[in-house]
Amino acid sequence: SFPEYPYKQREWLFGFKVDTLDSLYLPRSGLLIDFNHAASVDAWGSDDDYKQVNLDLIYAGALGKHSGFGGLRWHETYEGTAGFQNWYSLGGVTRFAAYQAEQLHSENYALAYLGYTYELGKVLGRSAVLGGTVEYGKLWSEALGFNISNYQTHGSVYFGFDSWLGTLMVGYGRSTEGDSNLF
């Protein structure tokens, strides 16, 4: 059993989003620009006093049954100390694929990735694809004093189906450090 960790969060948020992607997890066409800036203010009653900047850029394009996509993710707590509840959950495809979803939490991370999919066919108008990614990024935390000085390289191969009920992905992720994830 985990101990209780009560906290109060009071923050202001400014952001904008442009989203023309056909699918967030299995994109074949479109663009995503997602930016926000958050500031938690202890004077408003928040337990933490920090500022974070978050940016996700994704572009995807298709040529027949082939498609490629690329993205950049930059998420940083650049002032103050964010409590654990405000750290970023990582793991899974396009978020360090060799780790399981939510296996890692970090105060800061930066990641660039490229991906490819081949459309096997459509089921009820939705794409079934074979695909893969190559991901290159870094995690760091000023609060805990850890800085993974070496960038990490991850890769994945998967079968994906973007159903009306949600995305189904079955695949394998591996890093150059030897971590692996069957998902």
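Remember, it's a predicted structure, so these values are computed and weren't measured experimentally. (Residues numbered from 1 in each chain as written. Predicted model: local features only at pLDDT ≥ 70, side-chain atom pairs only at ≥ 80, totals over all residues. Heavy atoms only, no water.)

(A) How the structure looks around the overall build of the protein. Within the protein one finds 0 helices and 12 strands. Walking the protein from its N terminus toward its C terminus, one meets helices and strands in the order β-β-β-β-β-β-β-β-β-β-β-β. Across its three principal axes, the protein shows a C-alpha extent of roughly 55 × 35 × 35 Å. When the 12 basic and 20 acidic side-chain charges of the protein are each reduced to a single mean position, those positions are 9 Å apart. (Helix = DSSP H or I, 4+ residues; strand = E, 2+ residues; numbered from the N terminus. Lys, Arg positive; Asp, Glu negative; His and termini not counted. Charge placed at Lys NZ, Arg CZ, Asp CG, Glu CD.)

(B) Highlighting the layout of surface pockets. Size it by volume and the largest pocket reaches roughly 540 Å³. Counting residues per element, the ones that place at least two in the lining of the largest pocket are β2 (30-40), β3 (49-63), β5 (88-90), β11 (166-175) and β12 (180-182). Here the second largest pocket is characterised by a volume of approximately 180 Å³. The wall of the second largest pocket is formed by 15 residues, among which Leu24, Leu32, Ile58, Arg73 and Arg95 lie closest to the centre. Secondary-structure elements contributing two or more residues to the lining of the second largest pocket are β1 (11-19), β2, β3 and β4 (66-81). (1 Å grid on protein atoms, 1.4 Å probe; cavity = no way out; pocket = protein on both sides within 12 Å on 5 of 7 lines; lining within 4 Å. Points joined across faces, edges and corners; volume = space filled by probe spheres on them.)

(C) Inspection of the side chain of Thr133 at higher detail. Inspection of the secondary structure puts Thr133 in strand β8 (residues 126-141). Accessibility expressed as a relative area gives 5% for Thr133, which makes it buried. A distance of 2.6 Å separates a polar atom in the side chain of Thr133 from a polar atom in the side chain of Ser156. Beyond its immediate chain neighbours, meaning those up to four positions away, Thr133 contacts Phe69, Val93, Thr94, Leu114, Gly115, His154, Gly155, Ser156 and Tyr158. (Buried < 20%, exposed > 50% of the residue type's maximum accessible area, 1.4 Å probe, protein only. Polar contact = N/O pair within 3.5 Å; in protein donor to acceptor, adjacent residues only side chain to side chain. Contact = heavy atoms within 4.5 Å.)

(D) Examining the pairing of strand β7 (residues 108-123) more closely. Taken together, the 10 bridges between β4 and β7 define a ladder with antiparallel strand orientation. Counted as the bridge partner of Ser67 is Thr117 from β7. Alignment of β7 against β8, held across 15 bridges, turns out to be antiparallel. Across the sheet, residue Leu111 finds its bridge partner in β8, namely Gly137. Counted between consecutive antiparallel strands, the loop separating β7 from β8 contains 2 residues, among which Leu124 sits at a positive phi close to 55°. (Pairing = 2+ DSSP bridges.)

(E) Looking closely at unusual backbone geometry. For Phe96, which is not glycine, the phi dihedral falls at a positive 70°. Topologically, Phe96 is positioned in the loop between β5 and β6 (104-106). We classify Phe96 as buried; its relative accessible area is 0%. Even without glycine at this site, Glu102 takes up a positive phi of about 65°. Within the secondary structure layout, Glu102 lies in the loop between β5 and β6.

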